[in-house]
Amino acid sequence: MRKRNLFLVLALAVVMAFALAGCGSKTDSTKKSGTSATPVKGGTMSYYIGEPAYIDPWNAQETEGMQVVQAIFDSLTTVDDKDPSKLLPAAADSWEPNADATVWTFKLNKNDKFADGTPVTANDFIYAWNRLVNPKTKNTLTGKADPSVIAYHLGFVKGYDEVQAGKAKEMSGLKAVDDYTLEVSLSQPFADFAYVVMHPSLGPTPKAAVEDGVDYNGKKVAFGDMPIGNGPFKMAEPWKHDQYIKVVRNDNYYGDKPYIDGVDFKIFKDPETAYTEFEAGNLDFTQIGEGKIKDAEAKYGTSSDGYTVNPGKQSLLGAETSVYYLIINNKDKTLKDPNVRKAISLAINRQAICDIVFEGTREPADGIVPPGIAGYEKGTWADSKYDIEAAKKALADAGYANGKGLPTLELAFNSDGGHEKIMELIQADLKAIGIKTTFDSADFPTYLKKLDSGKHQLGRLGWVADYPIEYNFLYPIFNSKSGDNKSFYSNTAVDDAIEAAEKVTDGDARIAEFQKINKTIGESNPVAPIMFYKHHHVGSARLNDFMFSAMYLANFQKVWITPSK
Amino acid sequence: MLKYIIKRVLQFIPVFFGVTLILFLIANYMPGSDPVQMKVGEKKVTPELRKQIETEYGLNRPWYVQYGDYLYKLTKGDLGISISTGRPVSEILSEKYPFTIKLALVAIIFEIIFGILAGVISAIKQRTFWDVFVTLLTSISVSLPVFWLGLLLQYFFGIWLKEKTGGAFYLPISGAEGALPTWEYYVLPSLTLAAVSMAYAARIMRSQLMEVMSMDYVRTARAKGLSGRKILFSHEMKNALIPVVTFIGMDFGAMFAGAVLTETVFNWPGVGFTIYRAISARDFQVVIGGVTVILFAVMIINLIVDISYAFLDPRIRFTGSEE
């Protein structure tokens, strides 16, 4: 009865698993904190991502694909990891706008090469950018047209509308003055353009590889599965969908070559499983599992700046450049009164939401612009704080003392994504000053349709920065012509001021202009900012100087791995 | 027999049209079925972008035209293009199915060996320690949430054991590196996937065998002086197995739809999570393509199960059979 014994062993194993599961795990958290050692070359870092939608930069937009794209492509500019207001050269050595910021000249780095050794020229940027904007661009995986959803990045370039409408194939505003000089003409002044072109999806692409495929082991692989770029890393093999993407150091890279040999982007369906793998010692960087922040901080230590991983200081909790806000329909007959909006904003206990719902992984918002954006100032929006007495007063000023006479408001949100818990707290906060609300939740597309129709009163949305500039918040969320302005805030003075600010080519002066505009908008509380997102990530004890920026981009160039003994 | 098979295949036709038609109607009329918005995320989809994507993916055509197109392409083995990723659906599914099938096969083997064995043991050792043990274990197994069992196994075999043995012995807790993962990768996910079914198989086996054991022909066999083992294998098991085979067969069919929870917990690159993700993204091309494959697979497996009855029970004759 050998089989029976086998069954018994199995059964016992299962029973033991129950008994022992409670024992928890101890990891090697006892490693000494801080490093003074000099960087060592070598080693491969493993990094958690979800399955990207695209890693071909022409259509890469979500955070997953972006991590890979930015490892294998370099755009014209980049920003300092710690201070995003500081623009740094990347594929472009220098750049200059004309007097009204309508024509930009980028001088390209002459050492810049694609991973296959071919030099990067101005035409490679022009090709890449036209590819992004032309809705007839073929997806290399199918050979069929697949319109890019991120064409809008180049919306200011002259000729954009014609290419989008199918009337032209190339944007008239792009010109290769010579191989290493790219001239970009815009359809309107835009002094922040050098920040726009830092976007990882706006790197150069080699035409031949896109159109003919990429050689791999004697076979041709579609560019979409094995893109070739000019970044610090290159694809080691084609994308193994739902399994991994492996990149290795690009020896043709023009900049500082990374210390590590490569990065294994391990694809997980679920961050919880990734965190279990991290705990088992099989992953170098991941999100911290739900409800385990305090635990992770105790086990792995907390990063001193919130963005850099070093041994013993491994949990990252720095603020991200994204904001979660309550939409208030400024056209609604009750909510068009600024005092009602002020009362709503002051009544919300943001800290409680961050603590109760998010275990401290969010930060109360003190304005619409998060830290990490050039020009961020603390407490820009005076009413973006919890002050119940002031809220009651504002409501009384509006003629609704203790909510008397105020109609019940509708609080709309999308039913997916766990917003209900946040809305329940907001509902209770509003009730405390006498504002009654009812819920209306629907699936995301239906909810967005409602916001478009303008029939909503209160709602929610999140906004993630594409570029670390205030414009990227103030224009889309508050310009009267913007499709993302779901509060229907309309102030021609603000519209004009934003337009005027983008003519100011001096960086500091422009930032000052935007700070003023931000304050002006905040005074009338067109929305109620609730919280800023924060990192909730952790790195392994063998990583040194690994930087994960506020823009949610990993910097694999400076990280080095402590060799195992 | 042939007539029976033809009849079964013909019966499949209305099922196929029924299911796919309903899916097309859902894709077009369900509130919130907006794959374009889901592709773009929280940002506003401009009317221009919406038009571009709808034109290129053929979403601007009436549903019956889309359905006709789907049927036409299906005859050529083309399942369309995923809206959220821009990849051919047939490529996505052909990448995931080998993993799903491999995992299902291992799970079924667990189910057959341990499920049947446990059922037999507890039936022939009625009201002994082993009977109680199996009953208890199957009760626990049936009532445990799958993801929780998965997590327990991960912690025990992947983390705890690794630490206790200083990294000498442990099992990989997730993933399946490469095209043909080594055996270690299968153990935990297939155990998790098989856990509930294994328990059911054991219980069905136990009750069936006990019923058969009280039959007259078994008593006759015993009176004839046949050995216990001979009776068990040639008389009792054969009849008691039929419902178990049905159950396991159906289960195997169900596994073709993928196992969302097991695949998620163990990060298995199978088809279940792919369809689940496609549903969340309203990526109906992938959902419909996936369901089409599942439909065919389930039909074929059910047919095989039904045919296998004839071998287990000679009394079963298929209608239309001349024999």
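Above this text you will find the structure in question.
Residues numbered from 1 in each chain as written. Chains lettered and ligands numbered in written order. Predicted model: local features only at pLDDT ≥ 70, side-chain atom pairs only at ≥ 80, totals over all residues. Heavy atoms only, no water.

### Focus on the packing of aromatic side chains
- Under the counting rule described, the total for this entry stands at 46 aromatic pairs over all chains.
- Aromatic side chains Tyr253 of chain A and Tyr254 of chain A sit 4.8 Å apart centroid to centroid with 55 degrees between the ring planes, which places their arrangement in the tilted category. The same class applies to Tyr253 of chain A as to Tyr254 of chain A, namely buried.
- Residues Phe16 of chain B and Phe296 of chain B carry aromatic rings whose centres are separated by 5.9 Å and whose planes lie at 50 degrees to one another, so their mutual orientation is tilted. Here the residue Phe16 of chain B occupies a position in helix 1 (residues 2-29), and Phe296 of chain B occupies one in helix 13 (residues 284-312), the gap between them amounting to 280 residues.
- Note on Phe16 of chain B: relative accessible area 7%, which makes it buried.
- The cationic tip of Lys43 of chain B hangs over the ring face of Trp463 of chain A; the distance from NZ or CZ to the ring centre is 5.1 Å.
- Positioned above the aromatic ring of Phe99 of chain B is the side chain of Lys102 of chain B, whose terminal nitrogen or guanidinium carbon lies 5.1 Å from the ring centre. (Phe/Tyr/Trp six-rings, centres within 6.5 Å; stacked < 30°, edge-to-face > 60°. Buried < 20%, exposed > 50% of the residue type's maximum accessible area, 1.4 Å probe, protein only. Helix = DSSP H or I, 4+ residues; strand = E, 2+ residues; numbered from the N terminus. Lys NZ or Arg CZ within 6 Å of the ring centre and 35° of its normal.)

### Some thoughts on the sheet that holds strand 9 (residues 181-185) of chain A
Residues and elements named next belong to chain A.
- Spatial ordering of the open sheet is given by 4-5-9-8, a layout of four strands whose pairing is antiparallel. Of all the strands in the sheet, just strand 4 (92-97) and strand 8 (174-178) have a single pairing partner and so form its edges. Averaged over neighbouring strand pairs, the angle between their axes works out to 20 degrees when direction is ignored.
- Strand direction decides the pairing type here: strand 4 and strand 5 (residues 103-108), joined by five bridges, are antiparallel. The residue of strand 5 that forms the bridge with Ala92 is Leu108.
- Across the face of the sheet, helix 3 (residues 122-133) comes into contact with strand 5, strand 8 and strand 9 while running at roughly 170 degrees to strand 8. (Pairing = 2+ DSSP bridges. Axes fitted to C-alpha atoms, helices over the stretch in contact; angles between N-to-C directions. Contact = heavy atoms within 4.5 Å.)

### Some details on the packing of helix 6 (residues 129-143) of chain B against helix 8 (residues 184-213) of chain B
Residues and elements named next belong to chain B.
- Two elements in contact, helix 6 and helix 8, have axes separated by 8 Å at closest approach and are oriented at 140 degrees. Of the possible angle classes, the one that applies to helix 6 and helix 8 is oblique. The two elements helix 6 and helix 8 cross, and the hand of that crossing is left-handed. Counting all contacts with helix 6, which are made through Asp131, Thr135, Thr138, Ser139, Ser141 and Val142, the residues of helix 8 involved are Ala195, Val196, Ala199, Tyr200, Ala202, Arg203 and Arg206.
- Along the lines of polarity and charge, the residues of the contact of helix 6 with helix 8 split into six nonpolar, four polar and three charged. (Parallel < 35°, antiparallel > 145°, perpendicular 65-115°, else oblique. Left-handed = near helix turned anticlockwise from the far one by under 90°. Nonpolar A, V, L, I, M, F, W, Y, C, P; charged D, E, K, R; others polar.)

### Looking at helix 8 (residues 293-300) of chain A
Residue and element names in this part refer to chain A.
- Taken as a whole, helix 8 has its buried residues at Ile293, Ala296, Lys299 and Tyr300. Around the axis of helix 8, the buried residues are gathered within 130 degrees of arc, so they sit on the same side. The exposed set on the far side of helix 8, more than 90 degrees from its buried face, consists of Lys294 and Ala298.
- On the buried face of helix 8, the contacting elements are helix 7 (271-279), strand 17 (315-316) and strand 24 (537-539).
- Positive phi shows up at Gly301, right after helix 8, with a value of about 80 degrees. (Arc of directions from axis to C-beta.)

By themselves, these figures tell us nothing about what the structure is for.
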